[in-house]
Amino acid sequence: MSSLRLLVLDGDGIGPEVNAQALRVLREVGAHAGMSIEAEHAAFGGASLDAYGLPVTEATIALAKASDAVLLGAVGGPKWDDVAPHLRAERGLLRLRSELGVFANLRPAKFSAAIEAASPLRPERARGADFVIVRELCGGIYFGEPRAIETVNGERRGYNTMVYTESEIVRVARVAFETARLRSKRLTSVDKANVLEVSRLWREVVTDLHKREYSDITLDHQYVDSYAMKMVANPRDADVVVTGNLFGDILSDLAAALSGSLGMLPSASLGEGPGLYEPVHGSAPDIAGQAKANPLGAILSSALLLEHTVKRPDLAKIVNDAVQGALDAGLRTGDIAWGDAGTRRVNTVEMGDAVVANIRSSFGSKETRA
Ligand code: IPM
Ligand code: MN
């Protein structure tokens, strides 16, 4: 890929600050790897609601579909908490995911030794944990119909529908099996098949696909409640985990806490068309505009973009190593600053500076070696 067309959706709160660093990183990599980057910006979430009265416009959806990849910051904030449900920033995000058809959401969680003081787990339990959650992102209870709040016999009732078709299960399971093939060839499928029909079907379909096409992978099935417990108790046992939209939402926040800070976790949402790359963290309005945000979740998301959209895992590795280098050098944003020996508190831009400098020197040393 010699040129990359990006749609940059900064969103709200700390979104613009972290996205700026992710874009810087991509430009730096692009400059060394001979890849030109064309970045178009559009308002999204609360910012779009303020400008156009909608959390996402048709024009923005069209731009997203026409791009190679979308880089998303974060959306929402107290300013827009009281708007009608269909205007909420979250709705804009769900619409974007759905329009792009990004059904497979990869959320890697890696316990970082550099910030082990930030993990709520004892280091000896969490050290070495390194797994990826593959969350179904375009279906399940998030999108199922019917859904409503209605009045029946003088009282209100609210309901949603958790529904998966076989083909929806197969396509996300396939991504998970393929991911497992590139790792330690183990896949855990998480459901609630002891109670829910939708989960019984999920389990059957994953089992059939395993038999048919992926018998080289070791597959096991877990109930989501007990698996949440196992993930906390023995995070090192997890490797590739595939699950539905709602269970994946919950488990991925759990995984984020284990790894030290929500600020560190990237995500890639993949389908047939452009990928959507966003940090797992929210818009953190309380620290917005103060250069306090951790840009590493966004920067690591740009590494996922290099891996999955640009298909250059070598470039992704340079970014991942550059992040690790900044942490190893003791740089810490506020969310991961525990004051341990040899660490120094930095702001959003300084963290970006350090990552960019590491990228530059890693290309520099390669160029001299070559
Ligand atoms: C996430 C978020 C979203 C979700 C919200 C903002 C709609 O929590 O990406 O995990 O629930 O999917
Ligand atoms: Mn979530």
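First, a word on what this report is: a plain description of the structure on this page. (Residues numbered from 1 in each chain as written. Chains lettered and ligands numbered in written order. Predicted model: local features only at pLDDT ≥ 70, side-chain atom pairs only at ≥ 80, totals over all residues. Heavy atoms only, no water.)

So, the environment of Gly-77
For step 1, the next point in the chain: In this structure, Gly-77 sits in the loop between strand S3 (69-74) and helix H4 (89-100).
For step 2, the next point in the chain: On the basis of relative accessibility, which here comes to 15%, the residue Gly-77 falls in the buried class.
For step 3, the next point in the chain: As for Gly-77 and Ser-261, which are separated by 184 residues in sequence, their C-alpha atoms are 20 Å apart.
For step 4, the next point in the chain: Ignoring any residue separated from it by four or fewer positions in sequence, one finds Gly-77 in contact with Ser-283 and Pro-285. (Helix = DSSP H or I, 4+ residues; strand = E, 2+ residues; numbered from the N terminus. Buried < 20%, exposed > 50% of the residue type's maximum accessible area, 1.4 Å probe, protein only. Contact = heavy atoms within 4.5 Å.)

Regarding the pattern of salt bridges
A side chain with one charge may pair with a side chain of the opposite charge, provided their charged atoms come close.
For step 1, the next point in the chain: As enumerated under the stated definition, the model contains 25 salt bridges in all.
For step 2, the next point in the chain: Two residues, Arg-360 and Glu-28, come together in a salt bridge whose shortest N-O distance is 3.0 Å. In this pair, Arg-360 is assigned in helix H12 (residues 348-369) and Glu-28 in helix H1 (residues 15-33), connecting sequence segments 332 residues apart.
For step 3, the next point in the chain: The exposure class of Arg-360 is partly exposed, given its relative accessible area of 46%.
For step 4, the next point in the chain: Take Glu-28: its relative accessible area is 12%, and that puts it in the buried class.
For step 5, the next point in the chain: When the shortest N-O distance is used, the salt bridge between Arg-203 and Asp-191 registers 2.9 Å. Taken as a pair, Arg-203 in helix H7 (residues 197-213) and Asp-191 in strand S8 (residues 186-191) lie far apart in primary sequence, 12 residues in all.
For step 6, the next point in the chain: By relative accessible area, Asp-191 is classed as buried at 1%.
For step 7, the next point in the chain: Here the salt bridges share partners, and the residues they tie into one network are Glu-58, Lys-65, Arg-95 and Glu-99. (Salt bridge = Lys/Arg side-chain N within 4 Å of Asp/Glu carboxyl O.)

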